[in-house]
There are 2 protein chains.
Amino acid sequence: MPAEAKVDIGARSATPPLTERQEARRRRILHASAQLASRGGFDAVQMREVAESSQVALGTLYRYFPSKVHLLVATMQDQLQHMHGTLRKKPPAGETASERVAETLMRAFRALQREPHLADAMVRALTFADRSVSPEVDQVSRQTTAIILDAMGLTDPTPAQLSAVRVIEHTWHSALITWLSGRASIAQVKIDIETVCRLIDLTEPDGKP
Amino acid sequence: MPAEAKVDIGARSATPPLTERQEARRRRILHASAQLASRGGFDAVQMREVAESSQVALGTLYRYFPSKVHLLVATMQDQLQHMHGTLRKKPPAGETASERVAETLMRAFRALQREPHLADAMVRALTFADRSVSPEVDQVSRQTTAIILDAMGLTDPTPAQLSAVRVIEHTWHSALITWLSGRASIAQVKIDIETVCRLIDLTEPDGKP
DNA sequence: CGCTAATCTAGAACAAGTTTCAGACTTGAT
DNA sequence: ATCAAGTCTGAAACTTGTTCTAGATTAGCG
């Protein structure tokens, strides 16, 4: 019944496995998306151009990614994966958990500053996403949570710590938006991140057993 | 040189004052915008429909609000003003500043729950806004800050307190988005708000003179 | 009152996201 | 090797935000 030979790389979860050629198409599309985004940001990622750049018909592009927002959120997933790998290599050196988280987020922030247009496209897509993109956005959120917990050095966090992490993520996203739309300086974002990271300290009132 | 008699109601700031008829048009437009938004949210606010509902030509609509996002952010300003007035009447009763802020935000949240589609339209517009809408978005931000400071009962906050308020605003916006896109429950939003509000307590280490 | 500049209207036109469709191509199974 | 089902392509069509234009109205001034 299906077409193209199936090759389960074990990468994605519940989605039907993709052919090699399909995997290649998907990769070309994501690459074109990131490339166009790196230029003009959200607006520069035009579906017709993405299709052309990745040598795929417009209809096919929409089969792979049912909307522009889906495409950009997937692009973000992709970039986040790289980022997580990079961050893992050089763990933050701070004394306390809150310092390490702040350091990690600032490192990520610096990476985004190198490609501000790409950051714009991804973050705008993320916050503009409606319910139809929830699963994908959730995936991004989980990935972000993992990065933060990594920086904290936790394997099984308490509910209070998870709450703090949630709030940190909120602040992270919103601060990025204010920066991208020119309403907050880099310095201001830094302060906001450092401020919210203090919440972590509240989850460890003092020494533990 | 100009047309229509000028009548400075003293409302807006630097913009040239509007005629009565112009003020009326503006009001009709904002009303139509809120009405349409209350139905289907962001997508239901279609510029042609807004123009028709408010008995104004499409070109005129664009003269008053240069884009859909501008229109919706202005709609939010309008709603926020009502909200602030309403909140002022019944000040929160909590003991500590953080309790009062959390209570106020939850009250606002409940108001938004009554018109979830309207909330969707306004919040999505707010976070999707690009640089061209910065002044208007900033205005909304200032209004929100004022509401929070009101709840804290402060007239001149310290830098540390302002930082906390900024982070609270970040969390507020982002938590709203996760709720609107169905990725967080009402209970979860409550927890996030209460969590972030604890930051306020950090700005008052202990009793003061 | 009558003039002039600005504003408003109606409607066409344009741009980019999304949908649709017929036909060519692939794939896995027989 | 052949076939049925699913996939891809190319192109047109549709939707909605945004821009443009020509002519009708309106406001303030002399």
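Residues numbered from 1 in each chain as written. Chains lettered and ligands numbered in written order. Predicted model: local features only at pLDDT ≥ 70, side-chain atom pairs only at ≥ 80, totals over all residues. Heavy atoms only, no water.

1. Comments concerning the relation of the copies chain A and chain B
Thinking step 1. In screw terms, the move from chain A to chain B is a rotation of 180° and a rise of 0.0 Å along the axis, fitting with an RMSD of 0.1 Å. Look at the turn and shift together and you get a two-fold axis relating the two. It is T171 of chain A whose C-alpha, among those of chain A, lies nearest the rotation axis, at 2.7 Å.
Thinking step 2. The fraction of interface residues of chain A whose copies in chain B are also interface residues reaches 100%, indicating that both copies meet through the same surface. (Least-squares fit on C-alpha atoms with pLDDT ≥ 70 in both. Contact = heavy atoms within 4.5 Å.)

2. Considering the packing of aromatic side chains
Residues and elements named next belong to chain A.
Thinking step 1. Counted according to the given criterion, the structure contains five aromatic pairs over all chains.
Thinking step 2. Their ring planes at 85° and their centres at 5.0 Å tell us that F109 and W179 sit as a pair that is edge-to-face. Remark: W179 occurs in helix 8 (residues 159-180) and F109 occurs in helix 5 (residues 97-114); sequence separation between them is 70 residues. In this structure, F109 and W179 share a single accessibility class: buried. (Phe/Tyr/Trp six-rings, centres within 6.5 Å; stacked < 30°, edge-to-face > 60°. Helix = DSSP H or I, 4+ residues; strand = E, 2+ residues; numbered from the N terminus. Buried < 20%, exposed > 50% of the residue type's maximum accessible area, 1.4 Å probe, protein only.)

3. Overview of the interface of chain A and chain B
Thinking step 1. Taken together, the 34 residues of chain A in the interface contact 34 residues of chain B.
Thinking step 2. At the boundary of chain A with chain B, total buried surface from both sides reaches about 2,900 Å², with 58% on carbon and sulfur atoms.
Thinking step 3. It is F128, H170 and R183 of chain A in chain A that bury the most area against chain B; as a group they hold 21% of the surface buried on that side.
Thinking step 4. Here chain A and chain B share twelve residue pairs in polar contact (both at pLDDT 80 or more) between them.
Thinking step 5. Residue assignment for the side of chain A that touches chain B shows that the elements contributing at least two residues are helix 6 (116-128), helix 7 (134-152), helix 8 and helix 9 (186-202) of chain A.
Thinking step 6. Considering every element that reaches the side of chain A that touches chain B, the biggest residue donor is helix 8 of chain A, with twelve residues.
Thinking step 7. Each residue belonging to the side of chain A that touches chain B can be placed in one class, and the counts come to 14 nonpolar, twelve polar and eight charged. (Buried area = accessible area lost by both parts, 1.4 Å probe. Polar contact = N/O pair within 3.5 Å; in protein donor to acceptor, adjacent residues only side chain to side chain. Nonpolar A, V, L, I, M, F, W, Y, C, P; charged D, E, K, R; others polar.)

4. A few points about the nonpolar core
Thinking step 1. Grouped together as the largest cluster of nonpolar side chains are 130 residues, with contacts concentrated most on L61, L71 and V101 of chain A together with L61, L71 and V101 of chain B.
Thinking step 2. For V101 of chain A, the contacting residues outside a window of four places in its chain are I148, A151, M152, I168, C197 and I200 of chain A. (Core = buried A, V, L, I, M, F, W, Y, C linked by side-chain atoms within 4.5 Å.)

5. Some thoughts on the confidence of the model for chain A
Thinking step 1. Per-residue confidence for chain A averages 90 on the pLDDT scale, and 89% of its residues sit at or above 70.
Thinking step 2. Confidence drops under a pLDDT of 50 for residues 1-13 of chain A, and excluding neighbours within four residues, the segment shows 14 contacts in the predicted structure. (pLDDT = per-residue confidence, 0-100.)

6. Some words on the environment of M76 of chain A
Residue and element names in this part refer to chain A.
Thinking step 1. By the secondary structure assignment, M76 is in helix 4 (residues 68-89).
Thinking step 2. The sequence separation of M76 and E136 amounts to 60 residues, and the corresponding C-alpha distance is 9.8 Å.
Thinking step 3. Excluding anything up to four places from it in sequence, M76 contacts M122, L126 and V140.

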